[in-house]
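Results of the structural survey
One-letter residues, chain by chain:
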Amino acid sequence: MNIPDNFQVIDHALIHHKLGLIRDKNTGLKEFRELVTEATMLLGYEATKDLSLKDAEVQTPITTAQVKTVEVADIVLVPIMRAGLSMAEGMLKLIPNARVGCVGMERDHETHQPVDYYFKIPNQAQKRTFIVLDPMLATGGTIIATVDRLKDLGADKILCVCIISAPEGMEAFCEQHQDVKVYTGALDDHLNSSKYIVPGLGDAGDRLYGTD
């Protein structure tokens, strides 16, 4: 399978371990939520390695030192509701001062197309770096639509973090948005007839919020 240049599967022992527990249908609600947060932090660590830095000077206990800092005020986390909200907690542990936008998009269970019901992000999109969060990249429709909206508002610095992805979603997204990087913990086998990722983890939202 050809992996597009803007798509990266993070190969890390702890991610493999946590994904194994996340996939297990017997993992309880509390543990599942904690694992999603932990996996997000590991993926976020890799996804944020190329954030823009600026020079600064600080006073150490010994002397002054020249350091590098991230422009955290210009970073916007964009969880796609509802499952993406669970990933925001993990990312905020890495970047506590990041802004948070929210996008309400869901997949119509008959057409499998994204339906937009809420969209709220900070203004001046062209000045910010957006990190779109969604546990599952399945068909790609929802995350494609989210990035479309961000670009329409002038955003040109966007990256996406997903816990598990399907080849169909990878191909659709990377064809539509070749300039946006996607970081994921696993690239699974395929989508089934109901557009669920196989082997996947089931419905992320239901498992996170106990609505299955």
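Procedures and definitions
- One numbering rule holds for all chains: residues counted from 1, following each sequence as written.
- Selection of residues for local features in this predicted model requires a pLDDT of at least 70, selection of side-chain atom pairs for listing and counting requires 80 or more, and totals for whole chains, interfaces and linings are taken over all residues.
- Note that water and hydrogens are dropped before the side-chain values are worked out from all heavy atoms of the structure.
- Working definition: a ring pair exists when centres of Phe, Tyr or Trp rings (six-membered ring for Trp) sit within 6.5 Å. Plane angles under 30 degrees give stacked, over 60 give edge-to-face, the rest tilted.
- The criterion is that NZ of a Lys, or CZ of an Arg, lies within 6 Å of the ring centre and within 35 degrees of the ring normal, and then a charge sits over that ring.
- Per-residue accessibility, obtained with a 1.4 Å probe over protein chains only, is compared with the maximum for each type, and a residue is labelled buried under 20%, exposed over 50%, and partly exposed between these values.
- Helix numbers and strand numbers start at the N terminus; a helix is a DSSP run of H or I with at least 4 residues, a strand a run of E with at least 2.
- In this description, the arc belongs to the directions extending from the helix axis to the C-beta atoms.
- By definition in these notes, contact holds between two residues if any of their heavy atoms fall within 4.5 Å.
- Given a helix with a known number of residues, its expected span is that number minus one, times 1.5 Å.
- We call two N or O atoms a polar contact when they sit within 3.5 Å, provided that within protein one can donate a hydrogen and the other can accept it, with sequence-adjacent residues counted only if both atoms are side-chain atoms.
- Think of a nonpolar core as a cluster: buried Ala, Val, Leu, Ile, Met, Phe, Trp, Tyr and Cys residues, connected wherever their side-chain atoms sit within 4.5 Å.

In the structure shown here, the tally under the stated rule is 0 aromatic pairs. Over the ring of Phe 119 we find Arg 149; its NZ or CZ atom is 4.0 Å from the centre of that ring.

For helix α5 (residues 167–176), every residue scored as buried is listed here: Pro 167, Gly 169, Met 170, Phe 173 and Cys 174. Along the long axis of α5, the arc covered by the buried residues comes to 160°, so they all point the same way. At its buried positions, α5 is contacted by β1 (7–9), β9 (136–137), α4 (141–152), β10 (157–165), β11 (181–187) and β12 (190–191).

Compared with an ideal rise of 1.5 Å per residue, which puts 19 residues at 27 Å, helix α2 (residues 29–47) spans 26 Å between its outermost C-alpha atoms and is within 8% of the ideal. Among all positions of α2, only Phe 32, Leu 35, Val 36, Thr 37, Ala 39, Thr 40, Leu 43, Gly 44, Glu 46 and Ala 47 are buried. Summarising the contacts, the buried residues of α2 are in contact with β1, α1 (13–23), α3 (85–94), β10, β11 and α6 (204–209).

Tracing the backbone shows Thr 60 in the loop between β2 (53–59) and β3 (64–70). In sequence terms Thr 60 and Val 36 are 24 residues apart; their C-alpha atoms lie 36 Å from each other. For Thr 60, the side chain forms a polar contact with the main-chain nitrogen of Ile 62, separated by 3.0 Å.

What follows covers the nonpolar core. For soluble globular proteins, the rule of thumb is that nonpolar side chains tend to be buried together. Within the largest apolar cluster, 35 residues are counted, with the highest numbers of intra-cluster contacts made by Ile 22, Ile 131, Leu 133, Val 161 and Ile 164. For this core, the secondary structure elements donating two or more residues are α1, α2, β4 (75–81), α3, β8 (129–133), β10, β11 and α6. Broken down by element, the residue count for this core peaks at 6 residues, all from α2. Non-local contacts of Ile 22, meaning those with residues more than four positions away in its chain, are made with Phe 32, Leu 35, Val 36, Ala 39, Leu 201 and Arg 207. With 26 residues, the next largest nonpolar core counts Val 76, Met 105, Val 132 and Leu 150 among its residues.

A few words on the side chain of Thr 146. Take Thr 146: it is sitting in helix α4. Given a relative accessible area of 0%, Thr 146 falls into the buried group. Other than its neighbours up to four places away in sequence, Thr 146 contacts Val 78, Ile 80, Val 103, Met 105, Phe 119 and Val 132.

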